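Reading the structure
Residues per chain are reported as follows:
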Amino acid sequence: QVQLVESGGGLVQAGGSLRLSCAASGRTFNNYAMGWFRQAPGKEREFVASIRRSGGSKRYGDSVNGRFTISRDNAEKMVYLQMNSLKPEDTAVYYCAATSLRDSTTPRLSDYNYWGQGTQVTVSS
């Protein structure tokens, strides 16, 4: 089992950057692929980025590709989301998630077994 805690959210102006962190607990972190999702008010939760357990393959949602970068540090049991060139439409609660499909970069919410509580990101115009 994996417990996930996100941090690093906040208020930033359009064009700025933020780095989200996700701390995982549990001995089997290396067995999970990881993902970031987000949910804006009144909208469905959507895929942002994912990374295989080895970190060797990544996938990004169309709206963030080229601006966001996902990474992981298996020794520290951490996952990161570097967000650059932020836009007001990036405003959402951001969630870290883990999937037992460890060699996948699946974008499907239903494939993820464990979720964090989320961290708020607000981008002002």
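Right, let's talk about the overall build of the protein for a bit. Scanning the protein from N- to C-terminus turns up 0 helices and 11 strands. Reading the secondary structure of the protein in the N-to-C direction produces β-β-β-β-β-β-β-β-β-β-β. Since a compact globule built from 125 residues should have a radius of gyration of about 14 Å, the 13 Å found for the protein is in line with a globular shape. Referenced to the eigenvectors of the C-alpha coordinate spread, the extents of the protein come out at roughly 40 × 25 × 25 Å. Every one of the 125 residues in the protein was classed for burial, and the buried ones make up 42%. In the protein, of all internal contacts separated by at least 6 residues, the share reaching a separation of at least 24 is 60%. Side-chain charges of the protein comprise 15 positive and 10 negative groups, with the mean position of each set lying 5 Å from the other.

Attention shifts here to the state of the cysteines. With the rule as written, the count across this model stands at 1 disulfide. Between the sulfur of Cys22 and that of Cys96 lies a disulfide, 2.1 Å long from S to S. Measuring handedness by torsion sign, the sulfur bridge of Cys22 and Cys96 sits at about -80 degrees and is left-handed. With a gap of 74 residues between them, Cys22 in strand 3 (residues 18-25) and Cys96 in strand 9 (residues 92-99) connect regions that are remote in the sequence.

Along the chain, Thr105 turns up in the loop between strand 9 and strand 10 (114-115). Discounting chain neighbours no more than four positions away, the residues touching Thr105 are Ser50, Ile51, Arg52, Ser57, Lys58 and Arg59.

This part is about the pairing of strand 9. Successive residues of a regular strand alternate their side chains across the two faces of the sheet. Burial of strand 9 is extensive: 7 of the 8 residues sit out of reach of the surface. Two strands pair when backbone bridges link them, and strand 4 (residues 33-39) and strand 9 are joined in this way by 7 bridges, in the antiparallel orientation. Bridge pairing in strand 9 links Trp36 to Cys96. Pairing analysis gives 2 bridges linking strand 9 to strand 10, with the strands arranged antiparallel.

Moving on, we get to the nonpolar core. If you look at the biggest cluster of nonpolar residues, it comprises 28 residues, and the most contacted ones within it are Met34, Trp36, Leu81, Met83 and Tyr94. Elements supplying a minimum of two residues to this core: strand 3, strand 4, strand 5 (46-51), strand 7 (68-73), strand 8 (78-83), strand 9 and strand 11 (119-124). Those residues within four positions of Tyr94 in sequence are excluded, and the remaining contacts are Glu6, Leu20, Trp36, Phe37, Arg38, Val48, Phe68, Leu81, Met83, Gly118, Thr119 and Val121.

Our focus in this paragraph is the sheet that holds strand 7. Spatially, the 4 strands line up as an open sheet ordered 1-3-8-7, and their pairing is antiparallel. In this open sheet, the two strands that pair with only one neighbour each are strand 1 (3-7) and strand 7. Across the sheet, the mean angle from the axis of one strand to that of its neighbour is 15 degrees, orientation sign disregarded. Examined bridge by bridge, strand 3 and strand 8 share 6 bridges and lie antiparallel to one another. If you follow Ser21 over to strand 8, its bridge partner there is Tyr80.

About the thresholds
Residues numbered from 1 in each chain as written. Predicted model: local features only at pLDDT ≥ 70, side-chain atom pairs only at ≥ 80, totals over all residues. Heavy atoms only, no water. Helix = DSSP H or I, 4+ residues; strand = E, 2+ residues; numbered from the N terminus. Rg over C-alpha atoms; globule rule 2.2 N^0.38 Å. Buried < 20%, exposed > 50% of the residue type's maximum accessible area, 1.4 Å probe, protein only. Contact = heavy atoms within 4.5 Å. Lys, Arg positive; Asp, Glu negative; His and termini not counted. Charge placed at Lys NZ, Arg CZ, Asp CG, Glu CD. Disulfide = S-S within 2.5 Å. Pairing = 2+ DSSP bridges. Core = buried A, V, L, I, M, F, W, Y, C linked by side-chain atoms within 4.5 Å. Axes fitted to C-alpha atoms, helices over the stretch in contact; angles between N-to-C directions.

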